[in-house]
Amino acid sequence: MIPGPPMPAAALAAPMPPVPLTTPASPLLADYRRLSDLCPALVLRVLGPADPDPSAADGWYSGAQLACDDTALAAALAGEEARIADRHGRAARPHVTASRLLHHYVWSACLLIAGPWHLARRVPAVDPADLWLHAPTGDLALRPRGHVGRSGGPLGEDELRAELRAAVVAHAEPLVAAFAGPTRRRDRALWGMVTDDLASAIWYLGRMLDEEDAAVAAAGAVLPGGTLPLPGAADFRRLHTPDGRCHPTRTRLGCCLYYAVAPDAVACLTCPRTSDEERMSRL
């Protein structure tokens, strides 16, 4: 895909200053406890104010380190390569490994930012320096710092959605730049992955809450299209299977390359390679 010029995060919305976390009873800590309980796909350690930073000596690297330290990025890629080989019996090609790692990191970051927004209408300020990836396992550690708000009162829904997009873009921007070479993808394709992962994270949380329809509507409102650098819309639609059930689905803006990890792997249900007929047969 031909990239368009990326728009700075500041162009999406003027972010509000974060409200600092000053006590263990901070509402964000409760949000993350609930998110961890709800989401089995998220393996998360939430750090308290007195907890030390995870150490590179133990295989932990922050998003900021992945973005600017070649040694950290190489270690994280090696960990992803080993996990793919363990699960599928062979190593993936390097650009596939890099795409899978970026997808895992960005989807997790989107869930950590969108989770408190969906659960409690709080948009956390998650700096890449405060989110760590454990290279050997893919687990995550997060140090919450604060959330977006105004001293004069709560933000409106449109403002919160704009803040959510801005927070995701600000977090992803340095990672998108760092992974362009290893993934062999251009800006528009990588920002398409961020868009897909934000829509997917909201959708997944809705399913875990047994509120799928509400989450689909929420993702559509967050991603209506025209919110560069996020290059597309959530664009959900519904499929009707012969048993009379209705299933929400969408087509990703780009392929996450899961099908390429092994000969027996199949494309995801939302992959551009998967037709609606195949989706219906697999649902």
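Just above, that's the structure.
Presented here is an overview of the structure given in this document. (Residues numbered from 1 in each chain as written. Predicted model: local features only at pLDDT ≥ 70, side-chain atom pairs only at ≥ 80, totals over all residues. Heavy atoms only, no water.)

Counted under the stated rule, the structure contains 1 cavity of 30 Å³ or more. For the largest cavity, the calculated volume is near 30 Å³. Lining the largest cavity are Val106, Ala109, Cys110, Ile113, Val168, His171 and Ala172. Secondary structure elements with two or more residues in the lining of the largest cavity: helix H4 (94-120) and helix H5 (157-183). When residues of the lining of the largest cavity are assigned to their parent elements, the largest contribution, 4 residues, is made by H4. Here the lining of the largest cavity is built from residues that sort into 6 nonpolar, 1 polar and no charged. (1 Å grid on protein atoms, 1.4 Å probe; cavity = no way out; pocket = protein on both sides within 12 Å on 5 of 7 lines; lining within 4 Å. Points joined across faces, edges and corners; volume = space filled by probe spheres on them. Helix = DSSP H or I, 4+ residues; strand = E, 2+ residues; numbered from the N terminus. Nonpolar A, V, L, I, M, F, W, Y, C, P; charged D, E, K, R; others polar.)

All buried positions along helix H7 (residues 212-222) are accounted for by Ala215, Val216, Ala218, Ala219 and Val222. Viewed along the axis of H7, the buried residues span an arc of 165°, placing them on a single side of the element. Set apart from the buried face of H7 by more than 90 degrees, the exposed residues are Asp213 and Ala217. Looking at the packing, one finds that the buried side of H7 touches H4, H5, helix H6 (187-208), strand E8 (237-240) and strand E9 (246-249). (Buried < 20%, exposed > 50% of the residue type's maximum accessible area, 1.4 Å probe, protein only. Arc of directions from axis to C-beta. Contact = heavy atoms within 4.5 Å.)

The next thing to look at is H4. The end-to-end C-alpha distance of H4, which contains 27 residues, comes to 39 Å, matching closely the 39 Å that a straight helix rising 1.5 Å per residue would cover. The sharpest bend along H4 measures roughly 30° and falls at alanine 114, with the proline proline 116 sitting one to four residues further on. Counting buried positions along H4 gives 24 out of 27 residues, so the element sits mostly inside the fold. After H4 finishes, the residue arginine 121 shows a positive phi value of roughly 55°. (Expected span 1.5 Å × (residues − 1). Bend = angle between axes of the 7 residues up to and from the residue.)

Turning our attention to the pairing of strand E5 (residues 131-134). Looking along a regular strand, one sees the side chains alternate between the two faces of the sheet. The alternating pattern of E5 places Leu131 and Leu133 and Trp132 and His134 on opposite faces, both of which are buried. Sheet analysis places strand E3 (residues 60-62) next to E5, joined by 3 bridges and oriented antiparallel. Looking across to E5, one finds that tyrosine 61 is bridged to leucine 133. Bridging between E5 and strand E6 (residues 140-142) involves 3 bridges; their strand directions are antiparallel. Note on E6: the bridge partner recorded for leucine 131 is leucine 142. Taking the residues that link successive antiparallel strands as the turn, the E5-E6 hairpin has 5 residues, and the phi of glycine 138 there is positive, at about 85°. (Pairing = 2+ DSSP bridges.)

The mixed open sheet is built from 4 strands, whose spatial order is E2-E6-E5-E3. Edge positions in the sheet fall to strand E2 (44-46) and E3, since each of these pairs with one other strand and no more. Strand-to-strand twist of the sheet, defined as the mean angle between neighbouring strand axes without regard to direction, takes the value 25°. This element, H4, spans E2, E5 and E6 of the sheet and lies at about 140° to E5. (Axes fitted to C-alpha atoms, helices over the stretch in contact; angles between N-to-C directions.)

Right, let's talk about the packing of aromatic side chains for a bit. As enumerated under the stated definition, the model contains 2 aromatic pairs in all. Geometrically, the ring pair formed by tryptophan 107 and tyrosine 204 is edge-to-face, given 5.3 Å between the ring centres and 65° between the ring planes. On the criterion of sequence distance, the pair formed by tryptophan 107 in helix H4 and tyrosine 204 in helix H6 is long-range, its members being 97 residues apart. With respect to class, tryptophan 107 is no different from tyrosine 204; both count as buried. (Phe/Tyr/Trp six-rings, centres within 6.5 Å; stacked < 30°, edge-to-face > 60°.)

Estimates place the volume of the largest pocket at around 870 Å³. When grouped by side-chain class, the residues that make up the lining of the largest pocket number 16 nonpolar, 10 polar and 11 charged.

Sheet analysis places E8 next to E9, joined by 4 bridges and oriented antiparallel. Residue pairing for E9: histidine 240 is matched across the bridge by cysteine 246. Between E8 and E9, which pair antiparallel and follow one another directly, the connecting turn spans 5 residues, one of which, glycine 244, has a positive phi of 90°.

All right, on to the packing of helix H1 (residues 27-38) against H4 then. When two helices pack together, you describe them by how their axes are tilted relative to each other and by the distance separating the axes. One can describe the packing of H1 onto H4 by two numbers: an axis separation of 10 Å at closest approach and a directional angle of 105°. Between H1 and H4, the interaxial angle falls into the category roughly perpendicular. The residues of H4 that touch H1, namely those facing Leu28, Asp31, Tyr32, Arg34, Leu35 and Leu38, are Leu111, Leu112, Gly115, Pro116, Leu119 and Ala120. A per-class count over the contact of H1 with H4 returns 9 nonpolar, 1 polar and 2 charged. (Parallel < 35°, antiparallel > 145°, perpendicular 65-115°, else oblique.)

Another point: the nonpolar core. Among the nonpolar cores identified, the biggest contains 66 residues, and Leu35, Leu111, Phe179 and Ile202 are the most heavily contacted of them. Contributing elements (two or more residues each) for this core: H1, helix H3 (70-88), H4, E5, E6, H5, H6 and H7. Counting residues per element, this core draws most heavily on H4, at 14 residues. Sequence-distant contacts of phenylalanine 179, that is, excluding residues within four places in its chain, are made with Leu73, Leu77, Ala98, Leu101, Leu102 and Leu190. Core analysis: the next-biggest nonpolar cluster, separate from the first, contains 11 residues, Ile84, Cys255, Leu257 and Cys271 among them. (Core = buried A, V, L, I, M, F, W, Y, C linked by side-chain atoms within 4.5 Å.)

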